[in-house]
Amino acid sequence: IGGGVLESWLKAEIEKRNLNGSVDVLDRVAPDVVCQLGQWADILLISLKSKGCLNLTIPSKLQTYMIWGKPILGFIAGDPAEEIKKANCGLTASPEDPDHFQHVILQFLNMTIAQKQTYGENARAYAKRHFSMREILDTIELDLLSFDL
């Protein structure tokens, strides 16, 4: 959804590989509409270059995807990939390894509906445990209490 930096390339690849009936690239929409569209997806893709600071933070998009309760396909490295693995909510491949990414996509396509649903359920449960406002405030409070003031 939306006009990412590789939108033109992605559309050309979809055409070149004759995937028009299988892959949809949607135009940019308002944020409130994105939530509705995400519910129609079989899997949600998150991709980031493997770069220092990008590997050390959990993108809000990943948190949102987990809350939606959908399986996640991560073309991502570092902490975000580790969160997907810890949550057991999807599959990941390094952005530096497109061949492995292709393998991961094929793995997903061969999963049963039950396996995909389990990933989605795991995602939502993990998000509720780790990304809720209460959990975040508790973590901040513990961190503050650990300072020797």
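Residues numbered from 1 in each chain as written. Predicted model: local features only at pLDDT ≥ 70, side-chain atom pairs only at ≥ 80, totals over all residues. Heavy atoms only, no water.

## A word on the packing of aromatic side chains
Thought 1: All chains considered together, the criterion is met by three aromatic pairs.
Thought 2: Here Tyr126 and Phe131 contribute two aromatic rings whose centre-to-centre distance is 6.0 Å and whose plane-to-plane angle is 75°, an arrangement assigned as edge-to-face.
Thought 3: Tyr126 sits in the buried class, given a relative accessible area of 4%.
Thought 4: The ring of Phe108 has Lys116 lying over it, and the distance from NZ or CZ to the ring centre is 4.7 Å. (Phe/Tyr/Trp six-rings, centres within 6.5 Å; stacked < 30°, edge-to-face > 60°. Buried < 20%, exposed > 50% of the residue type's maximum accessible area, 1.4 Å probe, protein only. Lys NZ or Arg CZ within 6 Å of the ring centre and 35° of its normal.)

## Looking at helix H3 (residues 60-68)
Thought 1: Within the span of H3, buried status applies to Leu62, Tyr65, Met66 and Trp68. All buried residues of H3 project into a common sector of 160° when viewed along the axis, lining one side.
Thought 2: Next to the buried residues of H3 lie helix H2 (31-38), strand E1 (44-47), strand E2 (72-75), helix H4 (78-87) and helix H6 (113-130).
Thought 3: Following H3 by one or two positions, Gly69 has its phi on the positive side, about 75°. (Helix = DSSP H or I, 4+ residues; strand = E, 2+ residues; numbered from the N terminus. Arc of directions from axis to C-beta. Contact = heavy atoms within 4.5 Å.)

## Here we look at the pairing of strand E3 (residues 90-93)
Thought 1: Burial of the side chains of E3 extends over both faces: Gly90 and Thr92 are buried on one face and Leu91 and Ala93 on the other.
Thought 2: Where E2 meets E3, four bridges bridge the pair, whose relative direction is parallel. Opposite Gly74, over in E3, you have Thr92 as the bridge partner.
Thought 3: Chirality of the crossover, the property in question, places the unit of E2, H4 and E3 among those that are right-handed. (Pairing = 2+ DSSP bridges. Right-handed = clockwise from strand over helix to strand, strands pointing away.)

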